[in-house]
Amino acid sequence: MKKSYSPLFDPFHFPSANISLKNRIVMSPMTHMSSNADGSISEQEIQYYKRRSHGAAMVITAATYVMQQGGMTGAPGADNDALIPGLRRLASTIQGNGAKAVLQIFHAGRQGSKTGDYVSAGNIPEDREGAPVPRSLAEQEMEGIIHAYVEAARRAVDAGFDGVEIHGGNGNLLHQFLSPMTNRRTDRYGGSLENRMTLALAIIREVLRTVRKESEQPFLVGFRFSPEEAGTPGITMADTLSFVDALSGTGVDYLHVSLTSFRSVPRRGIQDSRSRLAILQERVGSRIPIIGVGSIYTPDDALEALSSGIPLIALGRELIMEPDWVQLVLEGREQQIRTSISPLDLQELSIPEPLWNLMMSIPGWFPLRSDPQVVDAER
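Named according to an unreviewed UniProt entry, the protein is NADH-dependent flavin oxidoreductase originating from Paenibacillus rhizosphaerae.

In structure tokens, the structure reads:
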């Protein structure tokens, strides 16, 4: 291994949870749409994670729904005890390859529902053709939402995971409550930024209380968020700085910033030309570990991301294309790292067909390689 890459492989310790990682590389949670119809863990899902858990220090699973109302077809579920055996197999598969296993839990809100009951902070649909108009959750329903997250976290403990990550970004229900674009409520869950944080902070508080009671082993609780929205009104970087101040005081063990590019800079809310990661690290990094993600493909990209001061970096799309990323860097073979993909790679890389279809449905999301065999087959 090149000496310059050694910081990527320094161990890391979460002092609040007393959990140590063997290196600074995390597998990012990525939608794969490959679970069974009932939300149970499928065989192709097991093979997908088995192929990718032998290098990263921690693997965060795809968003796992906490209740049918906020579930999505093809996503894994943690909404009933019958799903625990499959979740246990998933956790042990990841851990068997030397990585810590973290279950990401979420409610899709207006993005999806397995019951047809689309809900949100308000009745504003997504900006896409045919999007259902969600109903606004009643204040008395909030306890049920909080309880669903708590029960999903309990099941993660029972299944042997090393932690849970509460997903509060990428447009899901908790994001919808934080955003002034979707949350125009006048009760205690809406209005001011402080009120819009209420649901997420209540869920964190109750999940922490439950896992500390239920788990006999060290157990992580993280929170993932998206720092800004493109539209107006929407979440600004100023909003996010106040939000991370509040999050850092909850006792949560880490924050995970969802970004398309780790180099991205604020759109509005503050005047600062530095990357969002550097700004967030300066704001709360001395109080709580931050995981950064976004367009990290090469070890040089990873080093650049670490230079912002954050202690951990997550690889998403790159670990789909190159499950052996960590080993190749350790062995000094970083030139062999795959940074594009072809249909011919699917079997070798254990990529489930639903995930491949999703990858191809988003133009430019993955760099495609034109293999001669594929070109010939398409003629």
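Right, let's talk about the overall build of the protein for a bit. Secondary structure summary: the protein contains 14 helices and 13 strands in total. The principal-axis extent of the C-alpha atoms belonging to the protein is close to 60 × 45 × 45 Å. By the burial criterion, 59% of the 379 residues in the protein qualify as buried. For the protein, long-range pairs separated by at least 24 residues make up 70% of all intrachain contacts whose partners lie at least 6 apart in sequence. Here the protein holds 37 positive side-chain charges and 43 negative ones, and the gap between their average locations is 2 Å.

All right, on to the pairing of strand β13 (residues 312-315) then. Residues L312 and A314 point to one face of β13 and I313 and L315 to the other, with burial holding for every one of them. Pairing of strand β3 (residues 25-27) with β13 involves 3 bridges; the strand directions are parallel. Residue I25 lies in a different strand from β13, and its bridge partner there is I313. When strand β12 (residues 290-293) meets β13, the two strands line up parallel, connected through 3 bridges. Considered in β13, the bridge of G292 is made with I313. For the crossover that starts at β12, traverses helix α9 (residues 299-306) and ends in the parallel β13, the hand is right-handed.

For the protein, the average pLDDT comes to 96, and 98% of its residues sit at 70 or higher. Predicted confidence is poor over residues 374-379, with pLDDT under 50, and the contacts of this stretch with residues over four places away or in other chains come to 4 contacts.

Glancing now at the nonpolar core. Counting 102 residues, the largest nonpolar core has F161, I166, V207, F223 and W325 as its most contacted members. The dominant element in this core, judged by the number of residues it contributes, is helix α3 (residues 142-158), at 10 residues. Those residues in contact with F161 that sit more than four places away from it in its chain are T61, L87, L90, A91, Q95, A101, V102, L103, A156 and F219. Counting residues in hydrophobic clusters, the runner-up holds 16 residues, among them F14, L21, M58 and I60.

Residues of α9 that are buried include every one of P299, D301, A302, A305 and L306, and no others. In an axial view of α9, the angular spread of the buried residues amounts to 155°, which keeps them on one side of the axis. Those residues of α9 that are buried are in contact with β13 and α11 (325-330).

This paragraph deals with the UniProt feature "domain: NADH:flavin oxidoreductase/NADH oxidase N-terminal" (unreviewed entry) in the protein. The feature "domain: NADH:flavin oxidoreductase/NADH oxidase N-terminal" (unreviewed entry), as given by UniProt, occupies residues 8-335 in the numbering adopted here. Helix makes up 33% of residues 8-335 and strand makes up 15%, while its end C-alpha atoms are separated by 17 Å.

This paragraph deals with the layout of surface pockets. Estimated volume of the largest pocket: approximately 1200 Å³. Secondary structure elements with two or more residues in the lining of the largest pocket: β6 (100-106), β13 and α10 (317-321). Tallied by class, residues from the lining of the largest pocket come to 20 nonpolar, 18 polar and 7 charged. Space inside the second largest pocket adds up to approximately 350 Å³. Residue lining of the second largest pocket: 14 residues in total, with R110, Q111, E126, G171 and E229 positioned closest to the centre. The residue makeup of the lining of the second largest pocket, split by class, is 2 nonpolar, 7 polar and 5 charged.

Attention now moves to the side chain of S42. Note that S42 resides in the loop between β3 and α1 (43-52). Reaching out from S42, the side chain makes a polar contact with the backbone oxygen of S34 at a distance of 2.6 Å. The contact partners of S42, leaving out residues within four places of it in the chain, are S34, S35 and N36.

For the rest of this paragraph, the subject is α1. Buried residues of α1: E45, I46, Y48, Y49, R51 and R52, and no others. For α1, the secondary structure elements touched by its buried residues are β3, β4 (58-60), α2 (84-96), α10, α12 (346-349) and α13 (353-361).

Below, the discussion takes up the pairing of β12. The side chains of a regular strand alternate, first on one face of the sheet and then on the other. Side chains I290 and G292 of β12 all project onto a buried face; the interleaved residues I291 and V293 project onto the opposite face, where all are buried too. Where strand β11 (residues 254-257) meets β12, 2 bridges bridge the pair, whose relative direction is parallel. From the neighbouring strand, H256 faces β12, where its bridge partner is I291.

All right, on to the side chain of R155 then. Tracing the backbone through its elements, the reader meets R155 in helix α3. Side chain to side chain, R155 and D81 meet in a polar contact 2.8 Å long.

All right, on to the packing of helix α7 (residues 237-248) against helix α8 (residues 276-284) then. It is the contact of α7 with α8, at a shortest axis distance of 10 Å, that shows an interaxial angle of 40°. Looking at the two axes, α7 sits oblique to α8. Viewed along their axes, α7 and α8 form a crossing whose handedness is right-handed. Together, M237, T240, L241, S242, V244, D245 and S248 of α7 and R276, I279, L280, R283 and V284 of α8 make up the contact between the two elements.

Rules used throughout
Residues numbered from 1 in each chain as written. Predicted model: local features only at pLDDT ≥ 70, side-chain atom pairs only at ≥ 80, totals over all residues. Heavy atoms only, no water. Helix = DSSP H or I, 4+ residues; strand = E, 2+ residues; numbered from the N terminus. Buried < 20%, exposed > 50% of the residue type's maximum accessible area, 1.4 Å probe, protein only. Contact = heavy atoms within 4.5 Å. Lys, Arg positive; Asp, Glu negative; His and termini not counted. Charge placed at Lys NZ, Arg CZ, Asp CG, Glu CD. Pairing = 2+ DSSP bridges. Right-handed = clockwise from strand over helix to strand, strands pointing away. pLDDT = per-residue confidence, 0-100. Core = buried A, V, L, I, M, F, W, Y, C linked by side-chain atoms within 4.5 Å. Arc of directions from axis to C-beta. UniProt positions renumbered as here; feature names shortened; annotations may be inferred. 1 Å grid on protein atoms, 1.4 Å probe; cavity = no way out; pocket = protein on both sides within 12 Å on 5 of 7 lines; lining within 4 Å. Points joined across faces, edges and corners; volume = space filled by probe spheres on them. Nonpolar A, V, L, I, M, F, W, Y, C, P; charged D, E, K, R; others polar. Polar contact = N/O pair within 3.5 Å; in protein donor to acceptor, adjacent residues only side chain to side chain. Axes fitted to C-alpha atoms, helices over the stretch in contact; angles between N-to-C directions. Parallel < 35°, antiparallel > 145°, perpendicular 65-115°, else oblique. Left-handed = near helix turned anticlockwise from the far one by under 90°.

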